[in-house]
Amino acid sequence: MLFDSVPSRVRTLIDRFGAAVFVLDVEPDGGFRFVATNRVHERHSGLLSADLEGRRLEDCLDPALVAKIGPNFVRCAAGWEAFEYEEQLDMPVGRTWWRTTLTPLLDPKGTSVVRIVGTAIEISDVTRSEQRARVKAELLEAAEALAGIGHWRHDLESGELVWSAEMLRIHGLAPDDPPPSLEQMMAFYHPEDRAQLARHMAHAGEGGASFTFELRLLDDGSGERWVRGIGHREARAEGQPAALFGVLRDITEERRREAALVESEARFRRLYDATPAMLLSVDAQYRLVAASDHWLARMGYARDEVLGRPIMAFVTEASFARNRDRILDALREDGAVRGVECEFLRKDGRIVEVVLSTVAERDEEGSITGCLTVLVDISGRKEAERALARTQQMLTDAIECMGDAFTLFDKDGRLLIFNQRLKEIYPLIGDLLVPGASYEELVRAMVERGQYRMAEDELEGWVEEQVTRHQDCPQDFEIHLSDGRWIQISTRRTSEGGVVSTRRDVTHRKQMEFAIAHMAMHDGLTDLPNRSMFREELERVLARAGRERSSFAVLMGDLDGFKAVNDSLGHATGDRLLIEVGRRLMSGLRAGDMVARLGGDEFAILAFALDGDRGFGALADRLVDLFRSPFEIDGQSITAGLSLGVAVYPDHAADAEQLLINADTALYAAKRAGRHGWRAFERGMAANAEATASLELALRKAIAQDELLLHYQPILDLQTEQPIGAEALLRWRHPSRGLLAAGAFLPAADRRPVIMSITRWTIAQALRQQKAWREENGLELSVWVNLAARSFRWDGLVEVVEEELRCSGVAPERLVLEITEGSFADLFHAEGQIAALQRMGIRIALDDFGAGHSSLARLRDVTVDVLKIDRSFVANLAANGRDDAIVHTIIALGATLDLATLAEGIETQAQCDMLRELGCPWGQGYHFARPMPAADFLSWAQERARRDRPARHGRDAQTSMTSLPKWPARSMAR
């Protein structure tokens, strides 16, 4: 066997090596036969070498194992190259992973693989992809047993040749054969060697020194044989040579062993250099005596640069200091050391990180004579570990820097990762937030420690609900803690079945949402429910009343004399009055009743549990009586009466819209009856309500069927009499009544929701016309659109204007919105919306300025851009000195406040001239043109441009037929 043919010390060394070693012969039929195994192989396989050696794989191993490992042996035998692989095997100690290296050995001629040397390292307990180990397969063939020794004597005087029996055997003679003569002896040796022997013997016979020789015996059919002999001279007393004698032994086996050893060493060198692992051999002083090609290539050295140098010269100082004692102690005590991480230095100074395993070689006295070292390069693995550590640290830093709390639970609900923010959100359970804590335990602790509050009998069900919710990913939900905070939780499932989640304190956002929701449903001035909330509540009450067959009443009311308070005392006092009105109304209602402010001085009431007409009549009387007492505001006694209209469900209407209409109808009936009282809806009032409803329906139909249209009246620069804008005036092409001006239908529609649709249609149509004039006809001017007073109670007004501007592509600066004094009835809404429109670049004109006694108060409350002088003052110019003074005062006021002024109703050239003299920049009226369709307006503008062109010269002659208005500096700055 292979191991039996080497010295015992070599076998001992291999047996002590940490890897399993096995040797297989490759059979002619392609099978494999065990030659030898070492003790590590015996220990792991449970099979003794003696039971394996000489047997084929299939005769001594499990068929399943043979089927698994056999293809690798076939590959090795066919490929002629060493290779490494990993596999999982069922061993007596259990299922384990192995890394195996197979190295083929060729026959002396190098024509075929005759033997396979395998080393296997168990890698079950180390990182398979990063641990490499190779075991030095030192297969040394030692010299075989010495040949037998024969002695001979040649008498120089008699010529007699004496051979011992062994000498005869060596030369192929029988023990009882007579010894040959000297000449016959020479015939046994190769002709080329005979002269050498004769020369030695002659020299010795002449008194020469002893001699040695090696000769070839003639081939007797068993192959070439060699013998080695020593010869001495035997002298007489007088010193003369008497005989020659000596010994001779057959060294054929020794020669063969030497040749085999040379071949073995060559094979070992090839194996040493071909193995994927890095191998080093050192002597007793730890100087390098051998280094594999792989190690030299990895370290960047040539072989002659490293041999003879101490191995420590290639190790970093830190690594040497850290591992020296450990390695030396292990070698002295155990003869081996395994799995030591070290840093080697390349020739270029770079570090190569390795795992080192070393086996000591000892002599017969047990002294260490050298070591075989296997190095596995783990630089890639270590760099990956460092990169992973950096990534993990960055992840940790990122998690800690998150404003949200972060958690990662495994599939069993155990806490793996969390950040400090989690303890800040849940301070009462901070001591329980440790890796391994279960989600259920944490939730239960939150209740027990007061993070959540609930009845004890609800605890188990709530905990179970929370655990289920946590597992049902993905989810986004919010929870309310006992200290008032709101926490938003987002959970997602990981690929391993765990749950990753974030928790964010959204208390401020929730407070803002609650505040916004409250603002959306409550009046900003009085904090009473607003129109939207009142309407929603009305719908809910209707549904409930329908199911329960109960009744309720809607009361619509507004203040008598509120406008006078606003005009005389200002809007600030008016606002405080409205707040007190709300409080007084609430004081007169019963529990469960609801009062809302709809806008301006309009209020609505839902009253429940009424006892027929007597019940709601008593309530209405009580509320009206409450307003007979004056309000004390800022030291002033203010009287404001209350008018109410009442509609009862189901007596007066069965749906919300009709209830509101009927209550509103009853309110106006109460006002017509003398104010400061109330009226219940009566069937006789339905005619007016039906007429209004019919008008609203007809207007909606008119919008849908394109019956509405716009006429345009020019607005001119009075200095140049060039048009700078066009006021859009609404008309209705009524199917039976013909073309109707706005005054014939808008006043009745102003209190109906349809007014919002009309407003949007008018703005959109005017903007489209402006764009068409500009792009198709070169007509540059602004469009002026009238807004109904009720438009400012429409929360979506600003958004609608912005959307129509965007759709039309018209610049906001080319739109002027005209508002009336009635727009300020609800100053709280109007002021904010006007400011928002102006921020967009839209200009605001105050129409009919000077006609009301409160006009100056309007300029204090709301910023506008244009004052439109009421036509009643313009009509009497030059005929009424008082009107002249008023117009002059308004123009001066506009200049002082940096506002533009525009005179309406100019019908004569004299009026135009006087306005020009007074400094009024703009005007409009029949003197220039009546309102006309868009096509006629275009023709008028073109004709005016042609008529005026000859009077213009120089640079002005190149300008367009129209120009945009020159706004005052304050308006431009905005």
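Preceding this paragraph is the structure being described.
Thresholds, definitions, all that
Residues numbered from 1 in each chain as written. Predicted model: local features only at pLDDT ≥ 70, side-chain atom pairs only at ≥ 80, totals over all residues. Heavy atoms only, no water. Helix = DSSP H or I, 4+ residues; strand = E, 2+ residues; numbered from the N terminus. Buried < 20%, exposed > 50% of the residue type's maximum accessible area, 1.4 Å probe, protein only. Contact = heavy atoms within 4.5 Å. Areas by Shrake-Rupley, 256 points an atom, 1.4 Å probe, with all protein chains shown as cover. Axes fitted to C-alpha atoms, helices over the stretch in contact; angles between N-to-C directions. Parallel < 35°, antiparallel > 145°, perpendicular 65-115°, else oblique. Left-handed = near helix turned anticlockwise from the far one by under 90°. Nonpolar A, V, L, I, M, F, W, Y, C, P; charged D, E, K, R; others polar. Phe/Tyr/Trp six-rings, centres within 6.5 Å; stacked < 30°, edge-to-face > 60°. Lys NZ or Arg CZ within 6 Å of the ring centre and 35° of its normal. Pairing = 2+ DSSP bridges. Polar contact = N/O pair within 3.5 Å; in protein donor to acceptor, adjacent residues only side chain to side chain. Salt bridge = Lys/Arg side-chain N within 4 Å of Asp/Glu carboxyl O. Patch = residues over 30% accessible without salt bridge, like charges linked within 9 Å, V, L, I, M, F, W, Y side chains within 5 Å.

Undergrad: Would you mind showing me how to read the overall build of the protein here?
TA: Check the secondary structure of the protein and you find 32 helices and 36 strands. Classification of the 974 residues of the protein by burial places 49% in the buried group. Pairs at least 24 residues apart make up 56% of the contacts formed inside the protein by residues separated by at least 6 positions. Entry remark: accessible area of the protein is about 46,600 Å², with carbon and sulfur atoms responsible for 52%.

Undergrad: What is the right way to look at the packing of helix α24 (residues 754-777) against helix α25 (residues 797-808) in this model?
TA: A pair of packed helices is captured by two measures, namely the crossing angle of their axes and the spacing between those axes. Relative orientation of the contacting elements α24 and α25 amounts to 25°, with a least axis distance of 10 Å. What the angle tells us is that α24 and α25 run roughly parallel. The element α24 and its partner α25 pack so that their crossing is right-handed. Taken together, the residues of α25 that come into contact with α24 (itself represented by R760, I763, A764, L767 and K771) are V800, V801, E803, E804, L805 and S808. Counted by class, the contact of α24 with α25 contains six nonpolar, one polar and four charged residues.

Undergrad: Which parts of the structure should I look at to understand the packing of aromatic side chains?
TA: The description of two aromatic rings rests on the distance between their centres and on the angle between their planes. All told, the structure shown has 20 aromatic pairs when counted by the stated rule. Plain terms: the ring middles of F83 and Y85 are 5.7 Å apart, the flat faces sit at 35° to each other, and that makes the pair tilted. Residue classification places Y85 among the buried positions, given a relative accessible area of 11%. Three or more aromatic residues link up through ring pairs in this structure, and these residues are Y712, W773, F937 and W940. The positively charged end of R75 is found above the aromatic ring belonging to F83, 3.6 Å away from the centroid. The ring of F627 has R584 sitting right over it, with the charged end atom 6.0 Å from the ring centre.

Undergrad: Help me understand the sheet that holds strand β23 (residues 602-608) in this model?
TA: In a beta sheet, neighbouring strands pair by backbone hydrogen bonds and run either parallel or antiparallel. Reading across from one edge, β22-β23-β21-β26-β27 is the order of the five strands in this open sheet, with mixed pairing throughout. Of all the strands in the sheet, the pair left with one neighbour each is β22 (594-599) and β27 (678-680). This sheet shows a mean twist of 20° between the axes of neighbouring strands, independent of strand direction. One ladder, built from nine bridges, connects strand β21 (residues 552-560) with strand β26 (residues 641-649); its direction is antiparallel. What sits directly across from D560, in β26, is G641.

Undergrad: Help me understand the side chain of T373 in this model?
TA: Considering the arrangement of structural elements, one finds T373 in strand β15 (residues 368-377). The exposure class of T373 is buried, given its relative accessible area of 3%. Within the structure, the side chain of T373 is placed 3.1 Å from the side chain of T358, a separation counted as a polar contact.

Undergrad: What is the right way to read the pattern of salt bridges from this model?
TA: Between side chains of opposite charge, a pair can form as their charged atoms come close. The full count for this structure, using the stated rule, is 63 salt bridges. As a salt-bridge pair, D348 and R350 come within 2.9 Å of each other at their nearest N and O atoms. With a shortest N-O distance of 2.5 Å, K671 and D558 are connected by a salt bridge. With K671 in helix α21 (residues 656-672) and D558 in strand β21, the pair connects residues that are 113 residues apart, well separated along the chain. What makes K671 buried here is its relative accessible area of 14%. Via salt bridges that share partners, E27, D29, R33, R56 and E58 belong to a single interconnected network.

Undergrad: I tried to follow a nonpolar patch on the surface on my own but got confused; where do I start?
TA: On the surface, I149, I230 and V247 cluster together into a nonpolar patch covering about 240 Å² of accessible area. Checked against the element boundaries, V247 lands in strand β10 (residues 241-250). Taking relative accessible area as the criterion, V247 reaches 34% and is therefore assigned partly exposed.

Undergrad: So what exactly am I meant to see when it comes to the environment of S587 here?
TA: With respect to the helices and strands, S587 occurs in helix α19 (residues 571-587). A polar contact is formed between the side chain of S587 and the backbone oxygen of R584, at a distance of 2.6 Å.

Undergrad: How do you make sense of the sheet that holds strand β1 (residues 20-26) when you look at a structure like this?
TA: If you walk across this open sheet you meet the five strands as β2-β1-β5-β4-β3, and the pairing is antiparallel. A single partner strand is all that each edge strand has here, and the edge strands are β2 (32-37) and β3 (83-91). The average undirected angle you get between the axes of adjacent strands in this sheet is 30°. The pairing of β3 with strand β4 (residues 94-106) spans nine bridges and is classified as antiparallel. Among the inter-strand pairings, D90 is bridged to a residue of β4, identified as R95. Against the sheet, helix α5 (residues 63-79) touches β1, β2, β3, β4 and β5 (113-122), its axis set at about 165° to β3.

Undergrad: Which parts of the structure should I look at to understand the pairing of strand β20 (residues 499-505)?
TA: Within a regular strand, side chains alternate between the sheet's two faces. Here strand β16 (residues 405-409) runs beside β20; their pairing, made up of five bridges, is antiparallel. Its bridge partner lying in β20, F406 is registered against T502. Here strand β19 (residues 486-493) runs beside β20; their pairing, made up of seven bridges, is antiparallel. Bridge pairing in β20 links R493 to V499. The turn joining β19 and β20, which pair antiparallel and follow one another in sequence, is formed by five residues; a positive phi near 95° is taken by G497.

From the geometry alone we can't say anything about function, so treat these as descriptive.
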